[in-house]
Amino acid sequence: MYASIADGGVICDECRKKAAAEAEQNSERDALIYRIRFDIIDALKYFNANSLKKLENIALNEETGKMLQKIYRDYAAYHLDASNIKSESMI
């Protein structure tokens, strides 16, 4: 499974290949697609279903936390034109 920043969610391998080919054809450096595991999907579902206050108590392993941080940063930069935010607390 893959997470597509441009599509705003999870995509299959065929869609990933298509998006990567389109990015290459348009001379884009990065298609903003990440290979993800079920723990990433579970965490994203949890974030979506719970208030921000509950997120303070969530425990993630380091690898999952780093991947989620990258996904959220890229998502904000792509969809909110927020690539130059200096404080992550704004996101």
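Above this text sits the structure in question.
Here is what the cut-offs are and how they apply
Residues numbered from 1 in each chain as written. Predicted model: local features only at pLDDT ≥ 70, side-chain atom pairs only at ≥ 80, totals over all residues. Heavy atoms only, no water. Helix = DSSP H or I, 4+ residues; strand = E, 2+ residues; numbered from the N terminus. Buried < 20%, exposed > 50% of the residue type's maximum accessible area, 1.4 Å probe, protein only. Contact = heavy atoms within 4.5 Å. Areas by Shrake-Rupley, 256 points an atom, 1.4 Å probe, with all protein chains shown as cover. Salt bridge = Lys/Arg side-chain N within 4 Å of Asp/Glu carboxyl O.

## Quick word on the overall build of the protein chain
Item 1. Tallying secondary structure elements over the protein chain gives four helices and three strands in all.
Item 2. Going from N to C terminus, the protein chain has its helices and strands arranged as β-β-α-β-α-α-α.
Item 3. Put simply, the protein chain has 91 residues, and 22% of those count as buried.
Item 4. Across the protein chain, contacts joining residues at least 24 apart in sequence account for 59% of those joining residues at least 6 apart.
Item 5. For the protein chain, the accessible surface area stands at approximately 7000 Å², while carbon and sulfur atoms represent 50% of it.

## With respect to the pattern of salt bridges
Item 1. On inspection of all chains with the given rule, the structure shows six salt bridges.
Item 2. The shortest N-O distance in the salt bridge between Asp13 and Arg16 comes to 2.9 Å. Note that Asp13 and Arg16 are positioned in helix H1 (residues 13-25) at a spacing of three residues, about one turn of the helix.
Item 3. Among the residues examined, Asp13 registers a relative accessible area of 30% and is labelled partly exposed.
Item 4. Between Glu62 and Lys66 there is a salt bridge, and its shortest N-O distance comes to 3.0 Å. Here Glu62 pairs with Lys66, and both are found in helix H4 (residues 62-79), just four residues apart, close to one helical turn.

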